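Observations on the model geometry
Listed below, chain by chain, are the residues.
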Amino acid sequence: MKLTLTEFKQITTGAVRIEEGSNGVYFRRFTEEQEELYNITNQSFYMKTFASSGMRLSFKTNSENLFMKFKVFSATTRSYFSVDVFVNDKPIGYIDNFSDVKLDLDYTKQDFPLGEFSKEFDLGKGDKNVRIYLPWSLGIFIEELSIDDGAYIEGVKPEKKVLVFGDSITQGYDALRPSNRYMTKITDRLNLEEFNKAIGGEKYFPKLSKLKDSFAPDYIIVSYGSNDWRRLDEETFKNNCREFYKNLLNNYPDSKLIVITPIWRKDFREEYQFGLFENVEKDIREIVSEFGNIPVISGFDFVPKNEKFFADLRLHPNDEGFCYHTDNLYKEIIKYI
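In what follows, the accompanying structure is described. Computed from a prediction, not measured in an experiment: that's the story for all the values here.

Rules behind the numbers
- Residues numbered from 1 in each chain as written.
- Predicted model: local features only at pLDDT ≥ 70, side-chain atom pairs only at ≥ 80, totals over all residues.
- Heavy atoms only, no water.
- Helix = DSSP H or I, 4+ residues; strand = E, 2+ residues; numbered from the N terminus.
- Buried < 20%, exposed > 50% of the residue type's maximum accessible area, 1.4 Å probe, protein only.
- Contact = heavy atoms within 4.5 Å.
- Areas by Shrake-Rupley, 256 points an atom, 1.4 Å probe, with all protein chains shown as cover.
- Lys, Arg positive; Asp, Glu negative; His and termini not counted.
- Charge placed at Lys NZ, Arg CZ, Asp CG, Glu CD.
- Arc of directions from axis to C-beta.
- Pairing = 2+ DSSP bridges.

Let's talk about the overall build of the protein
The helix and strand tally for the protein stands at ten helices and 16 strands. Seen along its three principal axes, the alpha-carbon backbone of the protein occupies a region of about 60 × 45 × 40 Å. Taking all 337 residues of the protein together, 58% fall into the buried category. Counting contacts in the protein only where the partners sit at least 6 residues apart, residues at least 24 apart contribute 80% of the total. Accessible surface for the protein amounts to roughly 14,100 Å². Of this, 45% is attributable to carbon and sulfur atoms. Charged side chains of the protein number 46 positive and 54 negative; the gap between the two group centres comes to 2 Å.

A short note on the environment of Asn239
Tracing the backbone shows Asn239 in helix α8 (residues 234-251). Residue class for Asn239 comes out partly exposed when judged on its relative accessible area of 41%. Considered as a pair, Asn239 and Glu159 are 80 residues apart in the sequence and their alpha carbons are 35 Å apart.

Brief notes about helix α2 (residues 32-41)
Turning to α2, its buried residues are Gln34, Glu35, Leu37 and Tyr38. When α2 is viewed along its axis, its buried side chains cluster within an angular range of 155 degrees and face the same direction. Those residues of α2 that are exposed and angled more than 90 degrees off the buried face are Glu32, Glu33 and Ile40. Lining the buried residues of α2 we find β2 (17-21), β3 (24-28), α3 (43-48) and α6 (206-210).

Section: the sheet that holds strand β15 (residues 256-260)
Taken in spatial order, the five strands line up as β13-β12-β14-β15-β16 in an open sheet, and their pairing is parallel. A strand with exactly one partner marks an edge of an open sheet, and here the two such strands are β13 (192-196) and β16 (296-297).

Regarding unusual backbone geometry
Cis rather than trans, the peptide bond between Tyr173 and Asp174 has omega equal to 0 degrees. Along the polypeptide, Asp174 turns up in the loop between α4 (168-171) and α5 (182-190). Non-glycine residue Asn88 carries a positive phi angle of around 50 degrees. Since its relative accessible area comes to 42%, Asn88 is described here as partly exposed.

Next up, the structure:
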């Protein structure tokens, strides 16, 4: 039984738009207005809006088999991807383009094939919960998702929603598996539906926070600052930061806001026009305090300060690094959720 567009809408989490075209069903994490903002202001960021970061297909079924066929297309500077299939919270298999390739220590610079992929999965007997994690790195068109004829399918979505803003690390760079992104792991543990607006390379962008989504999230998590430090002067950063939070609080006055400051990066001792890296966290804390009692969590010590925990050996955690990131963040964020 091939799933219809209506059924995709029932089982998809983290998408603000789900549509069907000649290439199949596709998923959008940004509204049309938000996409157009990036189309006008930054073409490279505009392409990253098409990556399916944070999205899952989540459902109950008694089907013993699952078949998936899709096309992936470039949306970021990374060409590797994985689609992760879990049954009852345990991985049963993957579709990816790197398992049969020898990975470099820094695999972020390697080229991997794109195009069409398909695979059949044995789900086992009886009722079960299935979760399929879509790529953070690429866009995806699903041509077919099929279960056994006569089997039922029922969407499973968390009751509470979290709206997530951030840069490359929050988008998912450089987890090999999307199920290993820190924000995936955190929202799974907290049973929250993740709506991810993170963009690799992004800074505090007040024009984005001014554009309201169609839903009111229960929580909002924001994690910027690393790119601001590299590319802006401190005064511009402060103005952008203040305006960003002002817009968020105006749009979502009843949502619980949580702020995370940047993790360690290998070059943190260097000085740019901004000044010291440590001033990023200091400034964020001072500005956020202007809006009331909003929790600010320090991310600097979340990942061990060793290049072996970073895919690019300097900035973006690998899957092992994200495990540390998740565990350390969870200990702090659970105090506020």
